[in-house]
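Summary of structural features
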Amino acid sequence: MLPTYMLVLSVTYCLALVFTFYRAGSDKRHIALDLALAIMIGGFLGARLLHVAYEYPTFYWDNPGEIFKFWRGGFVYYGGFIGALVLCSIYVHFKKISFLAWADFYAPVLSLGYALGRVGCFFNGCCFGDVCTLPWAVEFNYPGLPTGLRHPTQLYAMIFELCVFAFLLGFERRSKKGPSRSQGPAASYTAHTGDLFFTWLGLHGCGRLVMEAFWDDDRGAFILGLSISTWLSLILIVVAIIGLLKVATLRGMSPPKY
């Protein structure tokens, strides 16, 4: 029997591929699908590796066979993001194509994929929140978890990211000169884009910081009192700010004054 978690992830991948196929347009579809494969492979390996090496290293050291039982869950989104980023960077380097152009292209796809993936976490019972008595609190059936109602943080993350996804599509529609339907959104990107990708990085990082305050599952060892996901979220926000300022400079725009 296919676990619900893996079923949701499989459906998410399929929907993301359909969305990618639609966005790419006929002339750039082969590159988009190659990058989609790199994202899936790098994302899978990176997400699993960070879970094994950081969250439960002692357990997997004593039980190495459990590393390969990925259908039971055990993935870290940021690990998957880093893994996908590495493989995609290698691909665009050898193809001599713009990284930022395709990062912009994939920003809404990544946002949608993250949102739908959290549905799998909800049904799996992992990534649960702290104890609460709110009307929408949920009791999760997760190994070793005491009984009690908790924040459905997976759904919080899903709702937030769906809002980010809608914002990105609206932002893209307003800021890019719309290509024809046959060309797809990828046709409008140039070598000095990046605003959509960096906007997503910043918004996603902010959302993750908020979610970290609600989550109560094991986040691995803390560094200076903060989880690794919190540190990575802060790094994403800084990178997003620097990236947006750099994109503005490359376009001959003055950075905003506050």
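To start, this report covers the structure provided alongside it. Keep in mind the model is a prediction, meaning the values are calculated, not measured.

Conventions we followed
- Residues numbered from 1 in each chain as written.
- Predicted model: local features only at pLDDT ≥ 70, side-chain atom pairs only at ≥ 80, totals over all residues.
- Heavy atoms only, no water.
- Patch = residues over 30% accessible without salt bridge, like charges linked within 9 Å, V, L, I, M, F, W, Y side chains within 5 Å.
- Areas by Shrake-Rupley, 256 points an atom, 1.4 Å probe, with all protein chains shown as cover.
- Salt bridge = Lys/Arg side-chain N within 4 Å of Asp/Glu carboxyl O.
- Helix = DSSP H or I, 4+ residues; strand = E, 2+ residues; numbered from the N terminus.
- Phe/Tyr/Trp six-rings, centres within 6.5 Å; stacked < 30°, edge-to-face > 60°.
- Buried < 20%, exposed > 50% of the residue type's maximum accessible area, 1.4 Å probe, protein only.
- Expected span 1.5 Å × (residues − 1).
- Bend = angle between axes of the 7 residues up to and from the residue.
- Polar contact = N/O pair within 3.5 Å; in protein donor to acceptor, adjacent residues only side chain to side chain.

**What about a nonpolar patch on the surface?**
- Together, L37, I41, L45, I82, V86, L87, I90 and F94 make up an exposed nonpolar region whose accessible area comes to about 740 Å².
- Put simply, the parts of the chain that give the nonpolar patch at least two residues each are α2 (29-55) and α4 (77-95).
- Top contributing element to the nonpolar patch by residue count: α4, with 5 residues.

**Considering the packing of aromatic side chains**
- This model, assessed by the stated rule, comprises 17 aromatic pairs.
- Between F99 and F197 the ring centres are 6.2 Å apart and the planes differ by 85°, which places this aromatic pair in the edge-to-face class. Of the two residues, F99 sits in helix α5 (residues 99-124) while F197 sits in helix α7 (residues 195-214), which places them 98 residues apart along the sequence.
- Using a relative accessible area of 28% as the deciding quantity, one classes F99 as partly exposed.
- On the accessibility criterion, F197 (6% relative accessible area) is buried.
- By way of ring pairs, the aromatic residues F81, F99, F197, F198 and W200 are connected into one cluster.

**Details of α5**
- Taking 1.5 Å as the rise per residue, α5 with 26 residues should run 38 Å; its terminal C-alpha atoms sit 35 Å apart, in good agreement.
- Along its length, α5 shows its largest kink, about 40°, at Y106, and proline P108 lies within four residues downstream of that point.
- Taken across its 26 residues, α5 has 19 buried, putting it largely inside the fold.
- Capping the start of α5, S98 holds a side-chain oxygen 3.5 Å from the backbone nitrogen of L100, two or three residues further along.
- With its phi angle positive at about 90°, G125 sits one or two positions after the end of α5.

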